[in-house]
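Letter by letter, the chains look like this.
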Amino acid sequence: MTSSPVFAFEPHASPVPASERDAALLDPGFGQVFTDHMAVIRYSRERGWHEPAVRARAPLTMDPASAVLHYAQEIFEGLKAYRLADGGVALFRADANARRFRGSARRLAMPELPEELFLESCRALVRTDADWIPSGPDGALYLRPFAIASEVFLGVKPSADYLYMVIASSVGAYWKKGAAPAISIWVSQTYTRAAGGGTGEAKCGGNYAASLAAQAEAMRQGCEQVVFLDAVERRWVEELGGMNIFFVFDDGSLLTPPLTGTILPGITRDSLIALARGRGLVVREEPYAFDQWRSDAASGRLREVFACGTAAVVTPVGTVKSGGGDFEIGGGGPGQTTQALRAALVDLQRGAAPDPHGWLERLT
Ligand SMILES: *Cc1c(COP(=O)(O)O)cnc(C)c1O
């Protein structure tokens, strides 16, 4: 056992006044309101991870030849701290994010940040900026840990230096139209997201950069999100640009595509599988073909579809559009199983339901 790493603390000299902060927290939206501080840890080949600190959030000064700006050697995470029903503050499954961050680092040929440093950076920042958690029902502090290649060198090789940071954003509901509106999704037959041996299961900015043209295509088609098919047969449903997907059938069972290397292993996905099984529901992790999806929707065998992820929690899918025509799921609105699982997850995250798996880590 090593003791907890100690983060130097340099408080912000002129934090946002409480009145201004509270006004910003009334309707924060997603990813627009940022807290006063950030956590920083540097890495160099000689010194390893060093100088952990929490300090005032401020712009970075970077050399224009920093490797990340050219070759996108970057990984990130997304997790939330919640205000509990009793007024305390807790992180949800941050240990799983710490583990996934190490996996992403391995794939991007970056040094692995020890899990305890990841966890302590999140804890220290949340404790410092806990007043930035909005009090609304969807309010949370969204933490964005990330690491970038900071070596000043244009040769193509893994960087020798890195910068790890955590910033925090006060968030409300992800969607402008409310907490869990039914969204429409576009099945891209033009683009794929990931292929075997690629970076599909790593959480890296490059995956998102490559998905934006598909997302733009979805928006041109009047859809909120894109859903990707596999890169080999263009047949098997994989996931959305930043969310995993579940299908609910008329016998009450659920299905989600298996983690075979091209899908991001979502922690929300994993949590919902456990919660559903805990309620006695059958959950299969199996491939699901797009033509099957269409025929199951037509026959009524398929009752509900939802997308899930930390940012947007659980979002019902009401309409599916593709080059081959459109179809609706279960009348286009949110289904019962979707709503029940969403409520079960949200209640657990906010300390309003038992936590049998020990997923919450109370900080205050
Ligand atoms: C982050 C992410 C998810 C959701 O993961 P959670 O851990 O549930 O937030 C799903 N798909 C992609 C591509 C992602 O980047």
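So, here is what we can say about the structure in this document. (Residues numbered from 1 in each chain as written. Predicted model: local features only at pLDDT ≥ 70, side-chain atom pairs only at ≥ 80, totals over all residues. Heavy atoms only, no water.)

### Notes on the nonpolar core
Counting 51 residues, the largest nonpolar core has L91, F118, L143 and Y164 as its most contacted members. When neighbours within four sequence positions are excluded, L91 is seen to be in contact with L79, K80, A81, C122, R123, V126, L143, W359, L360, E361 and L363. Formed by 25 residues, the second largest nonpolar core is a distinct cluster that contains I185, F247, Y288 and V305. (Core = buried A, V, L, I, M, F, W, Y, C linked by side-chain atoms within 4.5 Å. Buried < 20%, exposed > 50% of the residue type's maximum accessible area, 1.4 Å probe, protein only. Contact = heavy atoms within 4.5 Å.)

### So, the packing of helix 6 (residues 267-278) against helix 8 (residues 336-349)
For the pair helix 6 and helix 8, the least separation of the axes is 10 Å and the interaxial angle reads 110 degrees. Put simply, helix 6 runs roughly perpendicular to helix 8. Packed against helix 6, whose contacting residues are T268, S271, L272, L275 and A276, the element helix 8 presents L341, A344, L345 and L348 at the interface. Its residues assigned to classes, the contact of helix 6 with helix 8 shows 7 nonpolar, 2 polar and no charged. (Axes fitted to C-alpha atoms, helices over the stretch in contact; angles between N-to-C directions. Helix = DSSP H or I, 4+ residues; strand = E, 2+ residues; numbered from the N terminus. Parallel < 35°, antiparallel > 145°, perpendicular 65-115°, else oblique. Nonpolar A, V, L, I, M, F, W, Y, C, P; charged D, E, K, R; others polar.)

### Considerations on helix 7 (residues 290-299)
Within helix 7, burial applies to F290, W293, D296 and A297. Looking straight down helix 7, one finds its buried side chains confined to an arc of 120 degrees; they lie on one side. More than 90 degrees from the buried face of helix 7, the exposed residues found are A298 and S299. Backbone geometry just after helix 7 places G300 at a positive phi near 90 degrees. (Arc of directions from axis to C-beta.)

### Some words on the pattern of salt bridges
For the structure on display, the rule yields 19 salt bridges. In this structure, R123 and E116 form a salt bridge, with 3.0 Å as the shortest nitrogen-oxygen distance. Residue R123 pairs with E361 through a salt bridge whose shortest N-O separation is 2.6 Å. One end of the pair, R123, is in helix 4 (residues 115-128); the other, E361, is in strand 19 (residues 360-362), and 238 residues separate them in sequence. R123 gets classed as buried once you look at its relative accessible area, which sits at 11%. Since its relative accessible area comes to 27%, E361 is described here as partly exposed. Ionic contacts of the salt-bridge type, sharing partners, join the residues R102, R106, E112 and E115 into one network. (Salt bridge = Lys/Arg side-chain N within 4 Å of Asp/Glu carboxyl O.)

### Concerning the pairing of strand 6 (residues 79-83)
Here strand 6 lies mainly inside the structure; 4 of its 5 residues are buried. Of the pairings in the sheet, the one linking strand 6 to strand 7 (residues 89-92) comprises 3 bridges and is antiparallel in character. In the sheet register, Y82 faces strand 7, and the bridge partner there is A90. Where strand 6 hands over to strand 7, the hairpin turn is made up of 5 residues, of which G87 adopts a positive phi near 95 degrees. (Pairing = 2+ DSSP bridges.)

### Looking at unusual backbone geometry
Backbone geometry places A72, a non-glycine residue, at a positive phi of 60 degrees. The topology assignment puts A72 in the loop between helix 2 (68-71) and strand 5 (74-76). A72 gets classed as partly exposed once you look at its relative accessible area, which sits at 41%.

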